[in-house]
Amino acid sequence: MKISELAKKTGVAPSTIRYYIKEGLLPKPKVKRKNMAYYDESYIPKITAIKELQNTGINPYDLDELEKMGFIDGKDGFYSDEDIKIIEAGATLRKIGFTKEAGFDVKDLLFLKELVSRIAQEEVKIFLGKIGKRILKENLDKMVKEGVESINFLMGVLNRKFLRKMIEDTNK
């Protein structure tokens, strides 16, 4: 389809679509002839995703960085529920002051991704080693879901406690 058709289907102006392409948020279209490009149906969900993500307040550059670093992976222009929550968390951090102007970059969170990955690996080892083989499938799903929520809550509380203590010790 032509860019005008794509614009009509997505509700996004042709100039905005060209901007997304120029910034690397969309792939370059297939060029049919000079001054005529072809956009296939795969552009529609990608543009829709960009529009939806703009509502979260996230910067397209941050979104690109999150993808490059493996925090999120929008397959075919769609993001999982977890990806959306990660994007929203990034937008919230920006809104509360963790901005580029204040010296914060998405790359500053890379240590967190690596740390959480190591924690998950250990949890799997412990879980499967201790109880994974003795639990019925129905109970296993419930334990994983509720266990993860409890562990995440515990990690948040411990994080706040350790941060507060370290800041207090630094201010002495």
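Just above sits the structure.
Summary of the structure given here. (Residues numbered from 1 in each chain as written. Predicted model: local features only at pLDDT ≥ 70, side-chain atom pairs only at ≥ 80, totals over all residues. Heavy atoms only, no water.)

Examining the pattern of salt bridges
Here comes step 1: By the definition in use, this model includes eight salt bridges.
Here comes step 2: Measuring nitrogen to oxygen at the nearest pair gives 2.8 Å for the salt bridge that ties arginine 94 to aspartate 62. Note that arginine 94 is positioned in helix H5 (residues 81–95) and aspartate 62 in helix H4 (residues 60–68), a separation of 32 residues in sequence.
Here comes step 3: Classification of aspartate 62 by relative accessible area gives buried; the value is 3%.
Here comes step 4: The shortest N-O distance in the salt bridge between glutamate 65 and lysine 107 comes to 3.9 Å. Taken together, the residues glutamate 65 in helix H4 and lysine 107 in the loop between H5 and helix H6 (110–132) connect sequence positions 42 residues apart. (Salt bridge = Lys/Arg side-chain N within 4 Å of Asp/Glu carboxyl O. Helix = DSSP H or I, 4+ residues; strand = E, 2+ residues; numbered from the N terminus. Buried < 20%, exposed > 50% of the residue type's maximum accessible area, 1.4 Å probe, protein only.)

Section: helix H2 (residues 14–22)
Here comes step 1: Residues of H2 that are buried include every one of Ile17, Tyr20 and Ile21, and no others. All buried residues of H2 lie within an arc of 100° about the axis, which places them on one face of the element.
Here comes step 2: Considering only its buried residues, H2 is in contact with helix H1 (3–10) and helix H3 (43–54).
Here comes step 3: Taken from the residues just after H2, glycine 24 is the one with a positive phi, measuring 85°. (Arc of directions from axis to C-beta. Contact = heavy atoms within 4.5 Å.)

Overview of the pairing of strand S1 (residues 30–33)
Here comes step 1: Two elements, S1 and strand S2 (residues 36–38), share three bridges in a ladder whose sense is antiparallel. Its bridge partner being in S2, arginine 33 is matched across the sheet by methionine 36.
Here comes step 2: Connecting S1 to the next strand, S2, in antiparallel fashion are two residues, including asparagine 35 with a positive phi near 70°. (Pairing = 2+ DSSP bridges.)

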